[in-house]
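As a plain string of letters, each chain reads:
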Amino acid sequence: MILKTRLFTPGPTPLLPAAQFAMAAADIHHRTPEFRAIFSRVLAQLKDFVGTTNDVIVLSSSGTGAMEASVSNLTSPGDRVLVLSAGKFGERWAGLAKAFGCQVDLVSAPYGETFSLDAVKAALRLETRVVFMQATETSTGARHCLGRVAKLLKEDNSEALLVVDAITGLGTTHIDMDRLGIDVLIGGSQKAVMIPPGLSYLAISQRAWDRMESSYNPRYYFDLRKERKNSKNGESAYTPSVALIAALGAALDYIAHQAATPENPAGDLVAGRKKLVENAETIAAMTRAAVAALGMKLFSPTCPAAAATAVIAPDGVDSSVVVKELKSRFGAIIANGQGEMKGKIFRIAHLGYFDYLDTIALIGALEQVIAKSFPSPAFAFGNGLIAAQKVFAERSPTAAADACCCAKK
Ligand SMILES: *Cc1c(COP(=O)(O)O)cnc(C)c1O
């Protein structure tokens with residue numbers, strides 16, 4: 001059979017055609033009225049996308065650049081910070097904070113789980129300057145209780161800023177930055193916004209801007225105050241990734257359009273982003289049901305993210321086999337486990353430009369891989385598909401979870 005290559009990875013994700021066309025057409029200089037119009041509009045759109053009236057900064061870097069910028073701009077050497085970590089991306093926060101001389105307190109949970117709120121409460125000190133966490137831990141497929149951590153900090157009247165890597169949380173979790181009281185919310189281009197890697201963005205609260213006045217870790221290229229000043233004029237401090245910014249505008253238009261009505265044919269970004277979250281939630285629920293029906297277990301069963309589903313390979317099966325077979329036989333690119341999880345789990349992404357047909361097709365291909373590579377006596381074709389079909393048929397279109405999955409329990 002011919003193969004169509006399709007990404008099912010949690011970044012990069014499949015590209016939106018309208019965004020690709022916008023990129024190809026973006027042959028413009030960045031110190032012109034044409035670019036300023038595009039950039040100013042994208043910055044305004046991003047505010048709606050993350051639910052804030054605060055200023056949003058766009059950087060020409062992958063997501064880690066924005067993570068680093070939040071550390072270098074908000075902390076000083078010797079600052080006490082709290083990192084909530086339950087996977088590879090949580091560990092990245094700890095590494096970054098240490099690299100900038102912070103004293104790191106750590107609340108960790110085993111891979112596949114989320115940390116307990118009591119542990120967070122106990123670790124929070126009067127001197128804690130910043131709390132760093134993920135909204136969703138892409139390496140394990142877990143969703144963290146962002147809403148509860150934010151509430152805890154508020155109730156504690158904590159001076160600590162809450163900095164959230166929502167790089168796979170945005171577009172897969174209902175996150176309203178201002179309503180939750182998040183100080184810095186970070187996103188990346190190659191995830192739910194359906195464009196190539198190379199852009200990151202940060203929404204920043206007034207409290208966090210104020211902190212930057214007194215923090216003194218070194219920063220130059222990622223000086224957020226300098227970017228803020230330039231963005232007021234629709235520009236960036238240095239040459240921005242013009243084509244990606246044009247693509248981002250097109251993608252945000254597409255997301256808004258998901259909520260189009262006859263009265264408002266352009267749609268609405270706040271309503272559209274909710275639909276995008278519900279889309280990911282539905283696909284994730286279909287995938288989880290299929291995996292269970294095929295006799296496999298989730299790696300993060302108690303708090304699964306809608307961004308990606310992490311599946312434990314059956315006993316004695318190397319998850320690399322699943323990854324390789326899906327690619328070589330069906331052109332479907334899924335992700336292996338990262339670090340010590342490699343060979344043990346495989347991850348299927350749901351964030352961004354995935355639909356019903358993609359989902360059903362991948363589950364069908366997964367059944368073929370199981371049938372050929374590691375059939376169990378109980379295996380039968382269609383079991384995964386039946387489970388997914390039922391979830392789809394029975395799901396209410398607005399069933400999606402709150403920002404905090406723990407709230408449901
Ligand atoms: C993808 C991702 C990042 C960013 O990684 P980059 O490779 O720098 O873009 C950060 N955090 C999470 C949770 C991610 O999924």
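Just so we're clear, the structure is a prediction, and the values are computed from it rather than from any experiment.

Rules used in this analysis
- Residues numbered from 1 in each chain as written.
- Predicted model: local features only at pLDDT ≥ 70, side-chain atom pairs only at ≥ 80, totals over all residues.
- Heavy atoms only, no water.
- Pairing = 2+ DSSP bridges.
- Helix = DSSP H or I, 4+ residues; strand = E, 2+ residues; numbered from the N terminus.
- Domains from an automatic or database assignment.
- Contact = heavy atoms within 4.5 Å.
- Buried area = accessible area lost by both parts, 1.4 Å probe.
- Salt bridge = Lys/Arg side-chain N within 4 Å of Asp/Glu carboxyl O.
- Nonpolar A, V, L, I, M, F, W, Y, C, P; charged D, E, K, R; others polar.
- Expected span 1.5 Å × (residues − 1).
- 1 Å grid on protein atoms, 1.4 Å probe; cavity = no way out; pocket = protein on both sides within 12 Å on 5 of 7 lines; lining within 4 Å.
- Points joined across faces, edges and corners; volume = space filled by probe spheres on them.
- Core = buried A, V, L, I, M, F, W, Y, C linked by side-chain atoms within 4.5 Å.
- Buried < 20%, exposed > 50% of the residue type's maximum accessible area, 1.4 Å probe, protein only.
- Near = heavy atom within 4 Å.
- Polar contact = N/O pair within 3.5 Å; in protein donor to acceptor, adjacent residues only side chain to side chain.
- Areas by Shrake-Rupley, 256 points an atom, 1.4 Å probe, with all protein chains shown as cover.

Remarks on the sheet that holds strand β12 (residues 308-312)
In spatial order, the strands read β11-β12-β15-β14; together these four strands make up an open sheet with antiparallel pairing. Pairing within the sheet leaves two strands with one partner each, and these edge strands are β11 (297-298) and β14 (335-336). Here five bridges tie β12 to strand β15 (residues 345-349), and the two strands are oriented antiparallel to one another. What sits directly across from Ile312, in β15, is Ile345.

As for the domain arrangement of the protein chain
When cut into domains, the protein chain gives domain 1 (6-11 + 270-394) and domain 2 (17-254). Taking only C-alpha atoms into account, the centre of domain 1 sits 28 Å from that of domain 2. The interface of domain 1 with domain 2 comprises 29 residues on the first partner and 29 residues on the second. Between domain 1 and domain 2, a total of about 2,400 Å² is buried, with carbon and sulfur atoms accounting for 62% of that surface. Summed over the shared surface of domain 1 and domain 2, the number is three salt bridges. The salt bridge partner of Glu340 is Lys88, with a shortest N-O separation of 2.9 Å. Every element with two or more residues in the side of domain 1 that touches domain 2 is listed here: α11 (269-293), β12 and β15. Sort the elements by how many residues they give to the side of domain 1 that touches domain 2 and α11 lands first, with eight residues. A class-by-class count of the residues in the side of domain 1 that touches domain 2 yields 18 nonpolar, five polar and six charged.

Focus on helix α12 (residues 319-330)
Given 3.6 residues per helical turn, the α-helix brings residues three or four places apart onto the same face. Over its twelve residues, α12 extends 16 Å from the first C-alpha to the last, a length consistent with the 16 Å expected when each residue adds 1.5 Å. In this structure, the buried residues of α12 make contact with β13 (332-333), β14, β15 and α13 (356-373). Looking one or two residues past α12, Gly331 carries a phi angle of roughly 70°, positive in sign.

A word on the layout of surface pockets
Each pocket or cavity is described by its volume, and for the largest pocket that value is around 350 Å³. In terms of lining residues, the largest pocket is bounded by 18 residues, among which Gly352, Tyr353, Phe354, Asp355 and Asp358 are the most central. Listed by contribution, the elements that provide at least two residues to the lining of the largest pocket are β1 (6-7), α10 (242-257) and α11. The dominant element in the lining of the largest pocket, judged by the number of residues it contributes, is α11, at four residues. Taken together, the residues of the lining of the largest pocket sort by class into nine nonpolar, five polar and four charged. In this structure, the second largest pocket occupies an estimated 280 Å³ of space. Of all the secondary-structure elements, those providing two or more residues to the lining of the second largest pocket are α12 and α13. Counting residues per element, the lining of the second largest pocket draws most heavily on α13, which supplies five residues. Its residues assigned to classes, the lining of the second largest pocket shows ten nonpolar, no polar and four charged.

Some points on the nonpolar core
In terms of nonpolar packing, the biggest core is built from 84 residues, with Phe49, Leu162 and Leu185 touching the most fellow members. In terms of residue count, the dominant contributor to this core is α10 (ten residues). When residues of this core are assigned to domains, at least three map to each of domain 1 (6-11 + 270-394) and domain 2 (17-254). Ranked by size, the runner-up nonpolar core spans 29 residues in total, among them Val130, Ile186, Ile204 and Met212.

Describing the site of the ligand
Around the ligand, 13 residues are found, and the nearest of them are Ser62, Thr64, Thr138, Asp165 and Lys191. Taking Ser62, its side chain carries an N or O atom lying 2.5 Å from an oxygen atom of the ligand. Between the ligand and Gly63 there is a distance of 3.0 Å, counted from an oxygen atom to a backbone nitrogen or oxygen. Calculation on the ligand without its partners gives an accessible area of 380 Å², and the protein chains cover 88% of this total. Secondary structure elements with two or more residues in the shell around the ligand: α3 (63-74) and α4 (88-99). A class-by-class count of the residues in the shell around the ligand yields three nonpolar, seven polar and three charged.

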